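Given next are the chains, with one letter for each unit.
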Amino acid sequence: MTINGCFADPKLAPIYEKVIRRERLDRDDGLTLYRSRDLLGVGYLADLVRRRLHGNKAYYIYNQHLNYSNVCVNGCKFCAFGKKADEPGAYEMTLEEIMARIRERLHEPISEIHIVGGLHPDLPFSYYLDMLRGIKALRPGVHLQAFTAVEIAHLADIAGLSVAKTLSALKEAGLGSLPGGGAEVFSPRIRGELCPKKLSPSGWLAVCQTAHRLGLNTNATMLYGHLETLEERVDHLIRLREAQDETGGFLTFIPLAFHPENTQLAELSGTTGFDDLKNLAVARLMLDNFPHIKAFWIMIGPKLAQLSLSFGADDIDGTVIEERITHMAGAQTPQGLSRAQLLHMIREAGCEPVERDTLYNAIPS
Ligand code: V47
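A short tour of the structure in this document, coming up.

### Re the site of the ligand
Inference 1: Taken together, 22 residues form the shell around the ligand, and within it Phe 78, Gly 180, Gly 182, Glu 184 and Lys 294 come nearest.
Inference 2: Between Glu 184 and the ligand, the recorded distance is 2.5 Å, taken from a side-chain N or O atom to an oxygen atom.
Inference 3: Backbone polar atom of His 259 to a nitrogen atom of the ligand: 2.8 Å apart, as the coordinates give it.
Inference 4: Bound to the protein, the ligand loses 96% of the 620 Å² it would expose on its own.
Inference 5: Its atoms largely coinciding with the cavity grid, the ligand occupies the largest pocket.
Inference 6: Of all the elements in the fold, those that place two or more residues in the shell around the ligand are strand 8 (217–224) and strand 9 (250–257).

Next comes the structure, spelled out in C-alpha cells:
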C-alpha cells in the first residue's frame, strides 16, 4: 500500500524518490522491484510513470492477425506453434489463401495487419514480397506490421541479401514496421537451453536497429515465466534500454506470458496474475525510453489486461481475430474482441479509450 511515498515494502521508498526525480533506475532497482511482494507499491510507481507519459489515455487498435505458416526450422522448446515441414499440423497458406483472409474482412475498419510465421526453409523471398504487395493492393491504407527480427534475418539468408537490403525491399513492397517477437530472453544460458538455433540476441538487436535506421519502427518483447531468473529478466530489459538509447525506434514493449501446453516445457505451470502485473509494472519503470507498454490480452486474459492499465500498461492491443501462437500453447482466451468490448474494458478501468494506428496516431471515431 502507498500513502505519500510510504510503502508496505520500505525498499520501494528510494525507488519512489528516483521516479519522482525522473532518474534512471539501475540493475539493483530492477531486482528490488521484481523481488518485492508489494505488488500495489510497484504498481503505484509504474502508474506514476504511465500517467506522466499518457495521462488517462489507454490505447487499442482495430487489427487483424495473420500467421501465414507454422513451418519452422528452429524447434524452440517453448513453442507449440512451430512444426517441421513433414510433421502433422504443419501448414503454409498460399498467397491466394492469404488474400482470401484479407478479403473476408475488407468491410471492417482494420488499420493494421500483424503478420508472423515460422522460419520456413523453402518459401522463396518473392512469396513474402508478393504477400505484402498483394495485401496492400487489397487494402492500400493498412499498416503492415510484419515479420519478427528473427524472420527478417532468415529472409535475408534466403534472399542472399544483407539485412538492410532485405528490409528495404520489404519496405518497398509495403512493410510498415516489425512486431516485437523473437527476443525471448537474451540470457545465453536460457537460449542454450531453450532455443539454441535461434538468431542470437546481438543479431536480434542488430536487425531492429537496422530497421530503425531505415525509418522502420519495431516493437520488443520478453518471453517470461519459464526457466529464466529475475536477474535475467532485468538484464534483458537493460539491454533493450541501451539499444533504444542508440537508435530510438522501439515503439512498444510487450511482455509475453509463457504458455506451457503442447510445448517441450509442458511440466511448467505457466505464469500467475501477480507475476503478469509485476512484469508489466517493472517494464514500465525500467524502460524509461520506451513510449509504450502493451498488455497483450490474448496472453494474460482481458480481465488482467484491464487491471494492467493501473500497473504501467497504456495499451491493450486490439481486436486481433485468429491468433495461433498462444492458442496452440493452451491459451483459453477468445480469438478476438470487438471494439465495443475493448471500449467497455478501458472505460470500466477509468481510462479514456483512444483508438490508435500502429504508430499511435489517434484515429478519430
Ligand atoms: O517470438 C512462442 C512467443 C512470439 C509461446 O509486436 C510464446 O505487438 C507464450 O511476436 N507462450 C511471437 N509466448 C508473438 C509476437 C507478438 C505478440 C503480440 C504482440 C506483438 C507486438 C508481437 O510469441 C514469439 C515467442 O516469444 N511465443 N511460444 C508460448 N508457448
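### Let's talk about the pattern of salt bridges
Pairs can form between side chains of opposite charge once their charged atoms are near each other.
Inference 1: Applying the stated rule across the entire model yields 18 salt bridges.
Inference 2: Here Arg 35 ties to Glu 231 by a salt bridge, and the two come within 2.9 Å at their closest N and O atoms. Residue Arg 35 is found in helix 2 (residues 27–35), and its partner Glu 231 is found in helix 10 (residues 230–247); the two are separated by 196 residues along the sequence.
Inference 3: Put simply, Glu 228 and Arg 233 hold a salt bridge, and the shortest N to O gap is 2.9 Å. Pair check on accessibility: Glu 228 and Arg 233 agree, each one buried.

Conventions we followed
Residues numbered from 1 in each chain as written. Predicted model: local features only at pLDDT ≥ 70, side-chain atom pairs only at ≥ 80, totals over all residues. Heavy atoms only, no water. Near = heavy atom within 4 Å. Polar contact = N/O pair within 3.5 Å; in protein donor to acceptor, adjacent residues only side chain to side chain. Areas by Shrake-Rupley, 256 points an atom, 1.4 Å probe, with all protein chains shown as cover. 1 Å grid on protein atoms, 1.4 Å probe; cavity = no way out; pocket = protein on both sides within 12 Å on 5 of 7 lines; lining within 4 Å. Sits in = over half its atoms within 2 Å of the grid points. Helix = DSSP H or I, 4+ residues; strand = E, 2+ residues; numbered from the N terminus. Salt bridge = Lys/Arg side-chain N within 4 Å of Asp/Glu carboxyl O. Buried < 20%, exposed > 50% of the residue type's maximum accessible area, 1.4 Å probe, protein only.

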